[in-house]
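Observations on the model geometry
Spelled out from the first residue to the last, the chains are:
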Amino acid sequence: VHYHWRCIEIDAENSRRVLERHNYISPADSDEQAKAKLAEKFKCSTEDVCNTCPLEIVFPSNHKARFYLKWLDCKEQTKKEYYAREGNFNMDLNNFLKESYDRSDV
């Protein structure tokens, strides 16, 4: 089982590093350059990505790219969504454990 909880700034920095290792963006890229490259991977414009791009194209680490692109485009909205998860974080694991416990007849 793998899960973790970090502040959004650390998650954003870690996501950027992953995207650099995949060569989707360069360490030398400005935020605007990284945004343009990531938007292109999702076949989207850089204009209002958070409200106009479905971010549905699948590729290795697309979840990191989706998160980081949203971070670059609409930081406040992304923060709000990120921290709204607190308290409900990892509900899949919680549900799995509850179902497992219920089935075990313990």
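Let us look at the structure shown here. What you see is a predicted model, and the numbers here were worked out from it, not measured in a lab.

Remarks on the packing of helix H4 (residues 62-73) against helix H5 (residues 75-84)
Viewed as axis vectors pointing N to C, H4 and H5 meet at an angle of 130°, and their least axial separation amounts to 6 Å. Relative to H5, H4 is oriented oblique. Contact with H4, carried on its side by Phe67, Lys70, Trp71 and Asp73, involves Lys75, Thr78, Lys79, Glu81 and Tyr82 of H5 and no other residues of that element. Its residues assigned to classes, the contact of H4 with H5 shows 3 nonpolar, 1 polar and 5 charged.

With respect to the pattern of salt bridges
Pairs may arise between side chains of opposite charge once their charged atoms sit close together. Considering all chains together, one arrives at 7 salt bridges under this definition. Of the charged contacts, one joins Lys70 and Glu81 as a salt bridge, the two residues approaching to 3.0 Å between their closest N and O atoms. Residue Lys70 is found in helix H4, and its partner Glu81 is found in helix H5; the two are separated by 11 residues along the sequence. Using a relative accessible area of 35% as the deciding quantity, one classes Glu81 as partly exposed.

Some remarks on H4
In this model H4 runs 16 Å from its N-terminal to its C-terminal C-alpha over 12 residues, within 8% of the 16 Å that 1.5 Å per residue would give. Counting buried residues in H4 gives 9 out of 12 residues, a clear majority hidden from the surface. Within H4, the full set of buried residues consists of Asn62, Lys64, Ala65, Phe67, Tyr68, Leu69, Trp71, Leu72 and Asp73.

Some thoughts on the packing of aromatic side chains
Counted under the stated rule, the structure contains 4 aromatic pairs. With 5.4 Å between their ring centres and 90° between their planes, Tyr24 and Phe59 make a pair best called edge-to-face. On the criterion of sequence distance, the pair formed by Tyr24 in the loop between helix H1 (8-21) and helix H2 (31-41) and Phe59 in the loop between helix H3 (49-52) and H4 is long-range, its members being 35 residues apart. Neither residue differs from the other here; Tyr24 and Phe59 are each classed as buried. For the pair Phe67 and Tyr82, a centre-to-centre distance of 6.0 Å together with 40° between the ring planes defines the contact as tilted. Here Phe67 is found in helix H4, whereas its partner Tyr82 is found in helix H5, with 15 residues between them in sequence. Here Phe67 matches Tyr82 in class, with each residue buried. Feature note: the residues Tyr24, Phe42 and Phe59 constitute an aromatic cluster, connected by ring pairs. Stacked on the ring of Tyr24, the Lys or Arg Lys41 has its end atom at 4.4 Å from the ring centre. When the ring centre of Phe59 is taken as origin, the NZ or CZ atom of Lys41, which lies over that ring, is 4.7 Å away.

About the criteria used
Residues numbered from 1 in each chain as written. Predicted model: local features only at pLDDT ≥ 70, side-chain atom pairs only at ≥ 80, totals over all residues. Heavy atoms only, no water. Axes fitted to C-alpha atoms, helices over the stretch in contact; angles between N-to-C directions. Helix = DSSP H or I, 4+ residues; strand = E, 2+ residues; numbered from the N terminus. Parallel < 35°, antiparallel > 145°, perpendicular 65-115°, else oblique. Contact = heavy atoms within 4.5 Å. Nonpolar A, V, L, I, M, F, W, Y, C, P; charged D, E, K, R; others polar. Salt bridge = Lys/Arg side-chain N within 4 Å of Asp/Glu carboxyl O. Buried < 20%, exposed > 50% of the residue type's maximum accessible area, 1.4 Å probe, protein only. Expected span 1.5 Å × (residues − 1). Phe/Tyr/Trp six-rings, centres within 6.5 Å; stacked < 30°, edge-to-face > 60°. Lys NZ or Arg CZ within 6 Å of the ring centre and 35° of its normal.

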